[in-house]
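Examination of the molecular architecture
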Amino acid sequence: MPTILITGAGSGIGRATARHFLDHGWQVALVGRREAALRETAEGAASGQSMILPLDVSDPAALEAGVARMAAEWGRMDVLFNNAGMGLPSTLIDEIAVEDWLRLSNTNINGMLLADRAAFGQMRRESTLGGRILNSGSISADVPRPGSAPYTMSKHAVTGLTRSLSLDGRAFNIACGQIDIGNALTDMVTQMTKGVPQADGSIRVEPTMDVNHVAASVRHMAELPLETNVQFMTVMATAMPYIGRG
């Protein structure tokens, strides 16, 4: 059975993706801060198919221990879906609390790098070199929303990390790609159905899509042979105001 570790697996895109991979016969290690939520995600999985790893992605020692446990019990780590992240309400930069920026960057930037670091190290140490790292980006990595400086900055950082690891991973047969997601309907995105700020100053409802389309897209990327890579994929609600945003 192929193996994948998914961060942020207790809710939203991480939960949907974890369940999708479990349904398609993968062994899935679930990472998140809330053990009860992770166990809820894994409900119904076959014996030995899931592994619950309650930890904070900003804790490097805990991440490395979780990855080591996965590799020891399942033999190897094939894929990381580095998905944990958070957002903030639309706010002008001078009105953003410094504490909120630090909290967001600790997850979206530090946590992203630390999870990739732990996975990259494990994939280099395995007897058969190689694996795949999939980073969760956002359409904000290309085009920002109004009042989104912290989140947009963090997702640009993810793109830089993805490009760097794509280059550094070549020597070790480690592929790295990024999925940029737009308006997948999760708890984090329900505000889109009520109205969110637009570039012209208006508040409008935006189209959303079923989060399971994201999960299926991640699996497509994950199941490619290592000599093939989706470097960047954008999956989004078709009619959302992204193309031509501004």
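1. Some points on the overall build of the protein chain
- Broken down by element type, the protein chain carries 6 helices and 9 strands.
- At 17 Å, the protein chain has a C-alpha radius of gyration in line with the 18 Å of a compact globule built from 246 residues.
- Considered along the principal axes of its C-alpha atoms, the protein chain spans approximately 55 × 40 × 35 Å.
- Looking at the protein chain as a whole, 51% of its 246 residues qualify as buried.
- Put simply, 67% of the contacts in the protein chain that link residues at least 6 apart link residues at least 24 apart.
- About 11400 Å² of surface is accessible on the protein chain, with carbon and sulfur atoms providing 53% of the total.
- If the 20 positive side-chain charges of the protein chain are averaged to one point and the 24 negative ones to another, these points end up 2 Å apart.

2. A word on the sheet that holds strand β9 (residues 232-236)
- Strand order in the open sheet formed by 7 strands is β3-β2-β1-β4-β5-β6-β9, and the pairing between neighbours is parallel. Each edge of the open sheet carries a strand with a single partner, namely β3 (50-54) and β9. Strand-to-strand twist of the sheet, defined as the mean angle between neighbouring strand axes without regard to direction, takes the value 15°.
- Sheet analysis places strand β2 (residues 27-32) next to β3, joined by 5 bridges and oriented parallel.

3. Topic: the packing of helix α3 (residues 60-74) against helix α4 (residues 98-125)
- α4 packs onto α3 with a crossing angle of 35° between their chain directions and a minimal axis gap of 9 Å. In terms of crossing hand, the pair formed by α3 and α4 is right-handed. In this structure, α3 uses P60, L63, E64, V67 and A71 to contact α4, whose residues at the interface are L114, A115, R117, A118 and Q122.
- When grouped by side-chain class, the residues that make up the contact of α3 with α4 number 7 nonpolar, 1 polar and 2 charged.

4. Description of the nonpolar core
- I4, V28, L30, F81, I179, I181 and V214 are the most contacted members of the largest nonpolar core, which has 35 residues in total.
- Only β1 (3-7), α1 (12-23), β2, β4 (79-82), β6 (174-182), α6 (212-222) and β9 provide two or more residues apiece to this core.
- Here this core takes 5 residues from α1, the largest share from any one element.
- Among residues more than four places away in sequence, those in contact with F81 are I4, L5, I6, T7, I13, T17, L134, S136, I179 and V218.
- With 27 residues, the next largest nonpolar core counts L55, M77, L80 and M123 among its residues.

5. Let's talk about the layout of surface pockets
- There is about 180 Å³ of room inside the second largest pocket.
- For the lining of the second largest pocket, the secondary structure elements donating two or more residues are α5 (149-168) and β6.
- Of the residues that constitute the lining of the second largest pocket, the class distribution is 5 nonpolar, 5 polar and 2 charged.

6. A look at α6
- Along α6, the positions that sit buried rather than exposed are V214, A215, S217, V218, R219, M221 and A222.
- On its buried face, α6 is in contact with α1, β4, β5 (131-136), β6 and β9.

7. Observations concerning the packing of aromatic side chains
- Taken as a whole and assessed by the stated rule, the structure comprises 2 aromatic pairs.
- Taken together, a centroid distance of 5.9 Å and an interplanar angle of 80° make the contact between F120 and F172 edge-to-face. With a gap of 52 residues between them, F120 in helix α4 and F172 in the loop between α5 and β6 connect regions that are remote in the sequence.
- Its relative accessible area of 12% is what places F120 among the buried residues.
- On the basis of relative accessible area, F172 is assigned to the partly exposed category, the value being 22%.
- The positively charged end of R124 is found above the aromatic ring belonging to F172, 4.5 Å away from the centroid.

The rules behind the values
- Residues numbered from 1 in each chain as written.
- Predicted model: local features only at pLDDT ≥ 70, side-chain atom pairs only at ≥ 80, totals over all residues.
- Heavy atoms only, no water.
- Helix = DSSP H or I, 4+ residues; strand = E, 2+ residues; numbered from the N terminus.
- Rg over C-alpha atoms; globule rule 2.2 N^0.38 Å.
- Buried < 20%, exposed > 50% of the residue type's maximum accessible area, 1.4 Å probe, protein only.
- Contact = heavy atoms within 4.5 Å.
- Areas by Shrake-Rupley, 256 points an atom, 1.4 Å probe, with all protein chains shown as cover.
- Lys, Arg positive; Asp, Glu negative; His and termini not counted.
- Charge placed at Lys NZ, Arg CZ, Asp CG, Glu CD.
- Pairing = 2+ DSSP bridges.
- Axes fitted to C-alpha atoms, helices over the stretch in contact; angles between N-to-C directions.
- Left-handed = near helix turned anticlockwise from the far one by under 90°.
- Nonpolar A, V, L, I, M, F, W, Y, C, P; charged D, E, K, R; others polar.
- Core = buried A, V, L, I, M, F, W, Y, C linked by side-chain atoms within 4.5 Å.
- 1 Å grid on protein atoms, 1.4 Å probe; cavity = no way out; pocket = protein on both sides within 12 Å on 5 of 7 lines; lining within 4 Å.
- Points joined across faces, edges and corners; volume = space filled by probe spheres on them.
- Phe/Tyr/Trp six-rings, centres within 6.5 Å; stacked < 30°, edge-to-face > 60°.
- Lys NZ or Arg CZ within 6 Å of the ring centre and 35° of its normal.

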